[in-house]
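Notes for the structure review
Below are the chains, spelled out letter by letter.
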Amino acid sequence: MTDSRLDEGRGAQMWGGRFKEGPNRILWDFTVDHSDRRLLADDVFGSLAHVTMLGKVGLLSDQEVKALTKGLEAIGTEADEGTFQFEEKDEDVHSAVERRLGELVGEVAAKLHTGRSRNDQVALDMRLYLMRSADRRISDLKRFGRILVKAAREAGDLVVSGYTHLQQAQAVPLAHHLLAYAWAINRDQQRFDEVHRRLRVSPLGAGALGGSSLPLDPTVSARYLGLEDSFANSMDAVGARDHIAEYGFAATQALVHLSRLAEECVLWASHEFRWVTFGDALTTGSSAMPHKKNPDIAELTRGKAAIAIGHLTGLMALQKGLPTTYNRDFQEDKAAVFAIDDALAGSLKALGALIDGAVFHPPGPDPSVTALDLAEVLVERGVPFREAHRAVGRLFGSDPNSGQDVWKVTYHDLAAAHSSFRPEDVALTEPVKSVARRRSAAGGSFSSVQEQLRRLDELLA
Ligand code: ARG
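The shown structure was predicted, so the numbers you read here are calculated from the model rather than taken from an experiment. (Residues numbered from 1 in each chain as written. Predicted model: local features only at pLDDT ≥ 70, side-chain atom pairs only at ≥ 80, totals over all residues. Heavy atoms only, no water.)

**Brief notes about the packing of helix α6 (residues 118-155) against helix α7 (residues 174-199)**
With their axes 9 Å apart at the nearest point, α6 and α7 run at an angle of 165 degrees to one another. Our classification of the angle between α6 and α7 gives roughly antiparallel. Once α6 is placed against α7, the crossing between them reads as left-handed. A breakdown of the residues in the contact of α6 with α7 according to their chemical character gives 20 nonpolar, 3 polar and 7 charged. (Axes fitted to C-alpha atoms, helices over the stretch in contact; angles between N-to-C directions. Helix = DSSP H or I, 4+ residues; strand = E, 2+ residues; numbered from the N terminus. Parallel < 35°, antiparallel > 145°, perpendicular 65-115°, else oblique. Left-handed = near helix turned anticlockwise from the far one by under 90°. Nonpolar A, V, L, I, M, F, W, Y, C, P; charged D, E, K, R; others polar.)

Below you can see the structure in the form of structure tokens.
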């Protein structure tokens, strides 16, 4: 082996025939990407399906099928046990499996790749891998949703301000606020279900791009793999990556939801909000400032969402303007979608733990959050909403210097604002009363929280 060239025969077992010299070190280092080693178990499963199909259509004898199956199963065991050894000369996971199969079963291994290309092979491996990941993410999301539901139950009748424009707006149960995220997480879970459905199509049998002169039957391998369908167009089968981008979107959108909750965790833990105390073991300190207790898990969740958005953009750009069927560019899809998926898995686990151990103790909202309720009292008495809005608005000075720490109103103020106010209306300026009066379906009321908890218990079971 020279510095600039790998030793002779490198890559030769797959495509060496037309080459007079082996691959150059520069080429190898640039083109080989180990990200696909994650696909090992799926590659073996796909090869088992392919061998079964080749046997069924008479391209392999029963004996050959038996030998290849035995060898592939042994590799599958090595994959499961983590003992499979990759070698430097393996160009990718597909060549590694074929090389190992040769070591285990000898010459018959040379028949494995009959009627197959790495193009339909890698397309299948990614589908199988992402189907398994989608299942895992769905259960991770459910677990996370259950943590939110538990926190909402524990929040009991705590009342906070809901915010718009990050200004105190309307009083709501803290549980209602937390459950808003549970519903978003529930949709994320549905999105993975939908992506999963589109992943369940086998591209195996498409070959390099145009099928084969051999009597392959893609439905046989699809059935072996438990997939509902096989491809309708061989060029689309090897050239499509929209399902990978779609997986990337499902995961990134979930991360974006988590990033919003994470941002709230950061705010809530601040001295200014003081809504929550996170567990010591789930927060970090400062090397310089002895008093600090930092919500790093929440901050990193925000950060990971940012990087995931970049990878998702990469997955879109990777497809844009690319002539159809396989292009080596596609190799890059793996590192990108795996990074997004890992970020989601890690964030669900860490942010879930942070919230699971959180103690909520929000101070009550400012009584001004009852302003809309005051206006609605007038509406109940026949006052047009616009007039009621104006009247209550007058209770709040626009002079910034007239602002008080806590808004306070007397019957005298109410009567001056509108003649339909009554003395007992002063009591409505308590935020808890405002929540108690809330009546509209699925709004921020305690009865709506109970109904949501009931439905979410079912959905997240
Ligand atoms: N490592 C390649 C990828 O991830 C596998 C497919 C290679 N196909 C090819 N024709 N070179 O896309």
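**Describing the packing of aromatic side chains**
Applying the stated criterion across every chain yields a total of 12 aromatic pairs. Ring geometry for Tyr163 against Phe273: centres 5.7 Å apart, planes inclined by 40 degrees, an arrangement best described as tilted. Here the residue Tyr163 occupies a position in strand β1 (residues 159-164), and Phe273 occupies one in the loop between α10 (242-268) and β5 (276-277), the gap between them amounting to 110 residues. The exposure class of Tyr163 is partly exposed, given its relative accessible area of 26%. Phe273 sits in the buried class, given a relative accessible area of 15%. Ring centres 6.0 Å apart and planes at 70 degrees place the aromatic pair Tyr326 and Phe330 in the edge-to-face group. (Phe/Tyr/Trp six-rings, centres within 6.5 Å; stacked < 30°, edge-to-face > 60°. Buried < 20%, exposed > 50% of the residue type's maximum accessible area, 1.4 Å probe, protein only.)

**Concerning the layout of surface pockets**
In this approach, a probe sized like a water molecule rolls over the atoms, and the result shows the empty space that is left. Computed from the structure, the largest pocket encloses a volume of approximately 480 Å³. Lining the largest pocket we find 20 residues, and of these Tyr163, His177, Tyr181, Arg260 and Glu264 sit closest to its centre. Residue assignment for the lining of the largest pocket shows that the elements contributing at least two residues are β1, β2 (167-173), α7 and α10. Of the residues assigned to the lining of the largest pocket, the class counts are 10 nonpolar, 6 polar and 4 charged. (1 Å grid on protein atoms, 1.4 Å probe; cavity = no way out; pocket = protein on both sides within 12 Å on 5 of 7 lines; lining within 4 Å. Points joined across faces, edges and corners; volume = space filled by probe spheres on them.)

**Considering the site of the ligand**
Lining the immediate surroundings of the ligand are Asp92, His94, Arg118, Asn119, Val122, Tyr326, Gln331 and Lys334. Between the ligand and Tyr326 there is a distance of 2.4 Å, counted from an oxygen atom to a side-chain nitrogen or oxygen. A distance of 2.8 Å separates a nitrogen atom of the ligand from a polar side-chain atom of Gln331. Summarising the interface, the protein chains cover 87% of the accessible area of the ligand, which totals 340 Å² for the free molecule. For the shell around the ligand, the residue count by class is 2 nonpolar, 3 polar and 3 charged. (Near = heavy atom within 4 Å. Polar contact = N/O pair within 3.5 Å; in protein donor to acceptor, adjacent residues only side chain to side chain. Areas by Shrake-Rupley, 256 points an atom, 1.4 Å probe, with all protein chains shown as cover.)

**Remarks on the pattern of salt bridges**
According to the stated counting rule, one finds 32 salt bridges in the structure shown. With a closest N to O distance of 2.8 Å, Arg381 and Asp425 form a salt bridge. With a gap of 44 residues between them, Arg381 in the loop between α13 (371-380) and α14 (385-393) and Asp425 in the loop between α15 (411-417) and α16 (431-437) connect regions that are remote in the sequence. Overlapping salt bridges, with partners in common, bring together Glu78, Glu87, Lys89, Asp90, Arg99, Arg100 and Glu103 in one network. (Salt bridge = Lys/Arg side-chain N within 4 Å of Asp/Glu carboxyl O.)

**Structural notes on the pairing of β1**
One ladder, built from 6 bridges, connects β1 with β2; its direction is antiparallel. By the bridge assignment, Tyr163 is partnered in β2 with Gln168. Taken together, β1 and the strand that follows it, β2, pair antiparallel across an intervening segment of 2 residues, in which His165 is found at a positive phi of about 55 degrees. (Pairing = 2+ DSSP bridges.)

**As for the nonpolar core**
If you look at the biggest cluster of nonpolar residues, it comprises 94 residues, and the most contacted ones within it are Phe144, Phe192, Tyr247, Leu261, Leu351 and Ile355. With 16 residues, the single largest contributor to this core is α6. Once residues within four sequence positions are removed from consideration, Tyr247 is found in contact with Leu130, Ser133, Ala134, Arg137, Phe192, Val195, Leu199, Val337 and Asp341. Core analysis: the second largest hydrophobic core is formed by 16 residues, Leu378, Ala388, Ala391 and Phe421 among them. (Core = buried A, V, L, I, M, F, W, Y, C linked by side-chain atoms within 4.5 Å. Contact = heavy atoms within 4.5 Å.)

**Brief notes about the environment of Gln167**
Positionally, Gln167 belongs in strand β2. Spatially, the C-alpha atoms of Gln167 and Asp36 are 48 Å apart, while their sequence positions differ by 131 residues.

**Section: the environment of Glu73**
Tracing the sequence through the fold places Glu73 in helix α4 (residues 62-81). On the basis of relative accessibility, which here comes to 46%, the residue Glu73 falls in the partly exposed class. Sequence separation between Glu73 and Leu48 is 25 residues; the distance between their C-alpha atoms is 8.1 Å.

Function cannot be inferred from these measures alone, as they are strictly geometric.
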